[in-house]
Amino acid sequence: MAIFSVYVVNKAGGLIYQLDHYAPRADTEKTFSFPLDLVLRPHDERVVVAFGQRDGIRVGHAVLAINGAEVNGRLTADGKDVLEFLGNPANYPVSIRFGRHRLSSNEKLMLASMFHSLFAIGSQLSPEIGSSGIEMLETDTFKLHCFQTLTGTGRLRARLCGGCHGARPPHASVAAGIKFVVLADPRQAGIDALLRKIYEIYSDFALKNPFYSLEMPIRCELFDQNLKLALEVAEKAGPFGPGS
């Protein structure tokens, strides 16, 4: 079991903090002779497998390294076009490492903004008045958990995209608060307690920092340290008691 990453999204949908805590390695490295028995195509500034699967290499996997040197998008480490390099018989045999593409900073910013919009849409689609929005998405490989503060610095709501139990106007808090998002293994326990703990850490080490401005990226060393400690405790399914 593991916690993969943490995102903090501000009230406007901007990503103000992101931490990759654990990334499962599913890379596959093989030595190939010419001609390459996989079909590669450029896609979103990277080279991916378009056809052919073998030895753990799947369609959609990106070229991550050639002969042990990391590629830079569609270019090799020394600036050559990846497809041109692999199309030259003189460069074989060649060792290629394939795997899932790592999200760039810009892609993370874009996805955070998209989730912010989906969160609001989810609330508006709810048949119940005052829905809290999307609070959990489940796939076969991970679960996305989201808690949102009511006013940006207020308390956190708990679980499920259902109706609100308090009396307040429809959708009053949909886009009003800070969103704390955790991606974790589907079997990982204690995520609700972890999200509350992350909010406490945000309150103690970001909001109370005199040099921190609201809605701006969080760059606080104590916030980083305490967040990483909380993630380690959560992975061991430990409780978060008073003062922990």
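Each value, and the rule that gives it
- Residues numbered from 1 in each chain as written.
- Predicted model: local features only at pLDDT ≥ 70, side-chain atom pairs only at ≥ 80, totals over all residues.
- Heavy atoms only, no water.
- UniProt positions renumbered as here; feature names shortened; annotations may be inferred.
- Helix = DSSP H or I, 4+ residues; strand = E, 2+ residues; numbered from the N terminus.
- Contact = heavy atoms within 4.5 Å.
- Areas by Shrake-Rupley, 256 points an atom, 1.4 Å probe, with all protein chains shown as cover.
- Core = buried A, V, L, I, M, F, W, Y, C linked by side-chain atoms within 4.5 Å.
- Buried < 20%, exposed > 50% of the residue type's maximum accessible area, 1.4 Å probe, protein only.
- Salt bridge = Lys/Arg side-chain N within 4 Å of Asp/Glu carboxyl O.
- Expected span 1.5 Å × (residues − 1).
- Pairing = 2+ DSSP bridges.

Named according to an unreviewed UniProt entry, the chain is Trafficking protein particle complex subunit originating from Chordeiles acutipennis. Taken from UniProt, the Sequence similarities (unreviewed entry) comment for the chain reads in full: "Belongs to the TRAPP small subunits family. TRAPPC4 subfamily." In the Function (unreviewed entry) part of its UniProt record, the chain is described as follows: "Core component of the TRAPP complexes which has a function of guanine nucleotide exchange factor activity for Rab1 GTPase. Plays a role in vesicular transport from endoplasmic reticulum to Golgi and autophagy. May play a role in dendrite postsynaptic membrane trafficking."

S.K.: How do you make sense of the overall build of the chain when you look at a structure like this?
M.R.: When helices and strands are tallied, the chain shows 4 helices and 11 strands. Look at the contacts in the chain between residues 6 or more apart in sequence, and 65% of them connect residues 24 or more apart. When the accessible surface of the chain is summed, it comes to about 13300 Å², and 56% of that surface belongs to carbon and sulfur atoms.

S.K.: Even after reading the chapter, I still don't get the nonpolar core, so can you show me in this structure?
M.R.: General note: in soluble globular proteins, nonpolar side chains tend to be found buried as a group. Judged by nonpolar contacts, the single largest core of 27 residues is most densely connected at Val 182, Leu 194, Tyr 202 and Ile 218. Residues Leu 40, Val 63, Ile 66 and Val 94 belong to the second largest nonpolar core, which totals 17 residues.

S.K.: Could you clarify how one ought to interpret the pattern of salt bridges in this entry?
M.R.: Between side chains of opposite charge, a pair can form as their charged atoms come close. All chains considered together, the criterion is met by 11 salt bridges. For the salt bridge of Arg 54 with Asp 37, the shortest nitrogen-to-oxygen distance reads 2.9 Å. Of the two residues, Arg 54 is situated in the loop between strand S5 (46-51) and strand S6 (62-66) and Asp 37 in the loop between strand S3 (28-32) and strand S4 (39-43); the sequence distance between them amounts to 17 residues. Judged by its relative accessible area of 28%, Arg 54 falls in the partly exposed class. Overall, Asp 37 belongs to the partly exposed group, its relative accessible area being 49%. Between Asp 55 and Arg 54 there is a salt bridge whose closest N-O contact spans 3.0 Å. On the basis of relative accessibility, which here comes to 45%, the residue Asp 55 falls in the partly exposed class. Salt bridges sharing common partners tie together Asp 27, Glu 70 and Arg 97.

S.K.: Got a minute to help me understand helix H2 (residues 105-125) in this structure?
M.R.: Two residues of an α-helix separated by three or four positions point the same way, owing to the 3.6 residues in each turn. In a regular helix each residue adds 1.5 Å, so 21 residues correspond to 30 Å; H2 covers 30 Å between its end C-alpha atoms and thus fits that length. Among the residues of H2, those classed as buried are Glu 107, Lys 108, Ala 112, Phe 115, His 116, Phe 119, Ala 120, Gly 122 and Ser 123. In the core, the buried residues of H2 are packed alongside strand S1 (3-9), strand S2 (15-20), S5, strand S9 (136-138), strand S10 (143-148) and strand S11 (179-184).

S.K.: Looking at this structure, I do not really get the pairing of S11. What am I missing?
M.R.: Of all 6 residues in S11, 6 are buried; the element is thus mostly enclosed. What you see with S11 is no split at all: Lys 179, Val 181 and Leu 183 on one side and Phe 180, Val 182 and Ala 184 on the other are buried throughout. In this sheet, S11 lies alongside S1 in antiparallel orientation, the contact comprising 6 bridges. Bridging from a neighbouring strand, Val 6 pairs with Val 182 of S11.

S.K.: Please explain the side chain of Ser 95 as it appears in this structure.
M.R.: Relative to the assigned elements, Ser 95 resides in strand S8 (residues 94-99). Residues in contact with Ser 95, not counting those within four places in the same chain, are Glu 29, Lys 30, Thr 31, Ala 65, Ile 66 and Asn 67.

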